[in-house]
Amino acid sequence: MGLWGDAVLPRLVNQMLGPKRTGHIRERVCAGLSGQVVELGFGSGSNASFYPPTVTEVLAVEPSDLAWQLSESRRQEHRATFTRVGLDGQRLPLEDASVDHALSTWTLCTIPDPSLALAEVRRVLRPGGQLHFVEHGLAPDEHVRRWQHRLEPIQKRVGGGCHLARPIDHLIRAAGFEVSALERYYEPKEPKAFGSLYEGVALSR
């Protein structure tokens, strides 16, 4: 990825999407998780302190070595076992129907093929397993969407391939999930083009 992607961007993401700015959202999204959880885009471990005590093991998918290093202190704060199981959410090195829950927070925007990643999540979830998610994506308002499409080429270059205008709910449903809870809103701390959020739970059928 080069110096920017390897050494700079993980630190920026750690600050911009860290618990101080996003903890109120992460706490809601992590509520209800239990057992063995696969987390796409584990990053610097910003969710670690919000995992309920019912979570026993976290299977962390994270491509950045630096982000994984930055997560060490946060991992040590939770009694769950944290294992880095892969670098690519599109190819999970896990058995079919082997995990209880999945978590994705601000991750589907950067995965090259989110449909493939969601299909992998569905494959490894046990029947009835849940995907908890919060993602930014395509805004509900047309004037915001226009700005998203204008800004997306720049965002992809500086944000490690981050897309602004992916229709998150449609992608999740197209992967075969049943969306059981969904909130759409703008994060007031962010410009609307960057802060159009999808927060919810989807069931593996």
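Undergrad: Would you mind going over unusual backbone geometry with me for this structure?
TA: Leave glycine aside and you will find that most residues have negative phi; peptide bonds, for their part, are mostly trans. One non-glycine residue with positive phi stands out, namely A97, at about 50°. Tracing the chain through its elements places A97 in the loop between β3 (81-86) and β4 (99-105). Since its relative accessible area comes to 36%, A97 is described here as partly exposed. Its identity as a non-glycine residue notwithstanding, W106 has a phi of 50°, on the positive side. Along the chain, the position of W106 falls in the loop between β4 and α5 (114-124).

Undergrad: What should I look at first to understand the environment of D6 in this one?
TA: Note that D6 resides in helix α1 (residues 2-16). Linking D6 and S115, residues 109 residues apart in sequence, is a C-alpha distance of 25 Å.

Undergrad: What should I look at first to understand the pattern of salt bridges in this one?
TA: Any two side chains of opposite charge can pair, so long as their charged atoms come close to each other. This model, assessed by the stated rule, comprises 8 salt bridges. For D96, the salt bridge identified is with R123, shortest N-O distance 2.5 Å. Taken as a pair, D96 in the loop between β3 and β4 and R123 in helix α5 lie far apart in primary sequence, 27 residues in all. Taking the relative accessible area as the measure of exposure, D96 reaches 51% and is therefore exposed. One salt bridge connects R173 with D169, and the closest N-O pair in it is separated by 3.6 Å. Placement of the pair is R173 and D169 together in helix α7 (residues 168-174), with a separation of 4 residues, close to one helical turn. A residue is classified by how much of its surface remains accessible, and D169, at 10% relative accessible area, is buried. When salt bridges with common partners are traced through the structure, they connect D96, E120 and R123 into a single cluster.

Reading the values: the criteria
Residues numbered from 1 in each chain as written. Predicted model: local features only at pLDDT ≥ 70, side-chain atom pairs only at ≥ 80, totals over all residues. Heavy atoms only, no water. Helix = DSSP H or I, 4+ residues; strand = E, 2+ residues; numbered from the N terminus. Buried < 20%, exposed > 50% of the residue type's maximum accessible area, 1.4 Å probe, protein only. Salt bridge = Lys/Arg side-chain N within 4 Å of Asp/Glu carboxyl O.

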